[in-house]
Amino acid sequence: MMFYSKFVLAFFLISAGIFHFVKPQFFMKIMPDYIPMHLQMVYISGLVEILCGTLLLFPETQKLGAYLSIALFIAVFPANIEMARKFYEIHHKYFWLTVLRLPLQIVLIWWAYQFRK
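Reference entry: report on the structure contained in this document. Because the structure is predicted, anything quoted here is derived from the model rather than measured.

Side note on the pattern of salt bridges
And step 1. In this structure the tally under the stated criterion is three salt bridges.
And step 2. Residue Arg85 is joined to Glu82 by a salt bridge in which the shortest nitrogen-to-oxygen separation is 2.7 Å. Placement of both Arg85 and Glu82 in helix H5 (residues 77-89) is noted, with a separation of three residues, approximately one turn of the helix.
And step 3. Looking at Glu82, the relative accessible area reads 10%, which means it is buried.
And step 4. The shortest N-O distance in the salt bridge between Glu82 and Lys86 comes to 3.8 Å. Residue Glu82 and its partner Lys86 are located together in helix H5, separated by four residues, close to a single helical turn.

What follows is the structure in structure tokens.
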């Protein structure tokens, strides 16, 4: 089961990374104000997501991909908090989804941690 799980996580990472290039404005809206060069950071984070997913696919690079994915999930957590904050401020009807997304980061970290061997 874990064998297939790795490919599912890799697919999610690569898909999310591609989405950074297809819809960068979505990600720019959730970037915390203190982070400079929003568009460039959206592209860099998208590239890193694609890299993480790709590294997970191969046994030789799986461990590096797992640790890099964990670092990525930690690094993007402030953007998830920012999105929840902004949705709360404007009374967005999907604010509750942004709150549910926050603990998902812990699940994603745990999931990537499974592939560090």
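Now, onward.
A look at helix H3 (residues 38-57)
And step 1. Between its first and last C-alpha atoms H3 spans 29 Å; for 20 residues at 1.5 Å apiece the expected length is 28 Å, and the two agree.
And step 2. Against the buried residues of H3 lie helix H1 (2-22), helix H2 (24-29) and helix H4 (62-75).

As for the packing of H4 against helix H6 (residues 95-113)
And step 1. Running from amino to carboxyl end, H4 crosses H6 at an angle of 170°, the nearest separation of the two axes being 8 Å. In terms of their interaxial angle, H4 and H6 are classed as roughly antiparallel. Counting all contacts with H4, which are made through Ala66, Ser69, Ile70, Phe73 and Ile74, the residues of H6 involved are Gln105, Leu108, Ile109, Ala112 and Tyr113.
And step 2. Counted by class, the contact of H4 with H6 contains eight nonpolar, two polar and no charged residues.

Overview of the layout of surface pockets
And step 1. Its boundaries defined by the atoms lining it, the largest pocket holds a volume of some 700 Å³.
And step 2. Residue lining of the largest pocket: 28 residues in total, with His20, Phe27, Glu49, Val76 and Arg101 positioned closest to the centre.
And step 3. Only H1, H2, H3, H4, H5 and H6 provide two or more residues apiece to the lining of the largest pocket.
And step 4. Top contributing element to the lining of the largest pocket by residue count: H3, with six residues.
And step 5. When its residues are assigned to classes, the lining of the largest pocket shows 22 nonpolar, four polar and two charged.

Details of the nonpolar core
And step 1. Counting 13 residues, the largest nonpolar core has Leu9, Leu13, Leu56, Phe73 and Phe115 as the members making the most contacts within it.
And step 2. Every element with two or more residues in this core is listed here: H1, H3, H4 and H6.
And step 3. Tallying contributions element by element places H4 first for this core, with four residues.

Here is what the cut-offs are and how they apply
- Residues numbered from 1 in each chain as written.
- Predicted model: local features only at pLDDT ≥ 70, side-chain atom pairs only at ≥ 80, totals over all residues.
- Heavy atoms only, no water.
- Salt bridge = Lys/Arg side-chain N within 4 Å of Asp/Glu carboxyl O.
- Helix = DSSP H or I, 4+ residues; strand = E, 2+ residues; numbered from the N terminus.
- Buried < 20%, exposed > 50% of the residue type's maximum accessible area, 1.4 Å probe, protein only.
- Expected span 1.5 Å × (residues − 1).
- Contact = heavy atoms within 4.5 Å.
- Axes fitted to C-alpha atoms, helices over the stretch in contact; angles between N-to-C directions.
- Parallel < 35°, antiparallel > 145°, perpendicular 65-115°, else oblique.
- Nonpolar A, V, L, I, M, F, W, Y, C, P; charged D, E, K, R; others polar.
- 1 Å grid on protein atoms, 1.4 Å probe; cavity = no way out; pocket = protein on both sides within 12 Å on 5 of 7 lines; lining within 4 Å.
- Points joined across faces, edges and corners; volume = space filled by probe spheres on them.
- Core = buried A, V, L, I, M, F, W, Y, C linked by side-chain atoms within 4.5 Å.

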